[in-house]
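# An overview of the molecular structure
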Amino acid sequence: KKIFLSKKNLRNLIWEQLEIINEIAIKNNTEVTHVKPHGALSNLACEDIEVALTIGEVIKKFNKELIYVVLPLSEMEKASKKLSLKYACEIFADRNYEDNGQLVSRNKNYALLDDPDIISKNIIKMLNSSSIICFSGKKIKCDIDTICIHGDNKNSVEIANKLKITLVNNNFNLLKLNKMLKFT
């Protein structure tokens, strides 16, 4: 069930969350470098330009140096460009994609991937082709800056370890997001 928030409520929600995480970072002598809407909010922002713009506007007002983590070719990426925000395009290692570039709904039995070898091979194909590879085999050209592995996956640590080894073995340079050339 979707919960719809007014633009004002959404702004307040994002602002409060940014304040909280920023306070935690300061107390731990670190900094927040990027913002990634999570779960249902991210899914909604991928499809709804007004939600994507609202999130982006709050990020920009809070700290224009923050990187907005977005799904490639989504309304979030369009909003980032419109607002002249720094943004990073994120692909999901452990999820399948529909032919429109959106994630397969978790209601479908083919939504999730859990085999570390298959995942690693799939990510290398995506990175080498600069494309999302859909469940059907269709390739959609896009920018790829970062990779997500869901922590609630039963073997997410195994997937992360295998993927890291595979990326290094394929000469990919692993960096903190804010240290990428496009942001320095």
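Preceding block: the structure.
Residues numbered from 1 in each chain as written. Predicted model: local features only at pLDDT ≥ 70, side-chain atom pairs only at ≥ 80, totals over all residues. Heavy atoms only, no water.

## Thoughts on the sheet that holds strand 1 (residues 34-35)
Here we have four strands laid out as an open sheet, ordered 1-2-3-6, and parallel in their pairing. Both outer strands of the open sheet, strand 1 and strand 6 (146-148), are each paired with one neighbouring strand and no more. (Pairing = 2+ DSSP bridges. Helix = DSSP H or I, 4+ residues; strand = E, 2+ residues; numbered from the N terminus.)

## Regarding unusual backbone geometry
Of note in this structure, Asn29 is not a glycine but carries a positive phi near 55 degrees. Structurally, the position occupied by Asn29 is in the loop between helix 1 (7-27) and strand 1. Classification of Asn29 by relative accessible area gives exposed; the value is 75%. Not every positive phi belongs to a glycine, and Leu73 is a case in point at roughly 65 degrees. (Buried < 20%, exposed > 50% of the residue type's maximum accessible area, 1.4 Å probe, protein only.)

## Here we look at the side chain of Glu90
Considering the arrangement of structural elements, one finds Glu90 in strand 3 (residues 86-92). Engagement of the side chain of Glu90 in a polar contact is seen with the side chain of Lys36, the distance being 3.1 Å. Contact partners of Glu90, with chain neighbours within four places excluded, come to Lys36, Val69, Val70, Leu71, Pro72, Tyr97, Thr146 and Cys148. (Polar contact = N/O pair within 3.5 Å; in protein donor to acceptor, adjacent residues only side chain to side chain. Contact = heavy atoms within 4.5 Å.)

## A look at helix 1
Across its 21 residues, helix 1 extends 30 Å between first and last C-alpha, which sits within 8% of the 30 Å expected from 1.5 Å per residue. Those residues of helix 1 that sit buried are Leu10, Ile14, Leu18 and Ala25. For helix 1, the arc enclosing every buried residue in end-on projection is 60 degrees, short of the 170-degree limit, so these residues lie on one face. Turned more than 90 degrees off the buried face of helix 1, the exposed positions are Lys8, Ile20, Ile26 and Lys27. Against strand 1, helix 2 (39-47) and helix 3 (49-62) lie the buried residues of helix 1. Just beyond helix 1, the residue with positive phi is Asn29, at close to 55 degrees. (Expected span 1.5 Å × (residues − 1). Arc of directions from axis to C-beta.)

## As for the packing of aromatic side chains
Under the defined criterion, the tally for this structure stands at two aromatic pairs. For the ring pair Trp15 and Phe62, a centre distance of 4.9 Å and an interplane angle of 75 degrees mean the geometry is edge-to-face. You can see Trp15 sitting in helix 1 and its partner Phe62 sitting in helix 3, a full 47 residues away along the chain. The exposure class of Trp15 is partly exposed, given its relative accessible area of 27%. One residue, Lys182, lies across the ring of Tyr87, its end atom 5.0 Å from the ring centre. (Phe/Tyr/Trp six-rings, centres within 6.5 Å; stacked < 30°, edge-to-face > 60°. Lys NZ or Arg CZ within 6 Å of the ring centre and 35° of its normal.)

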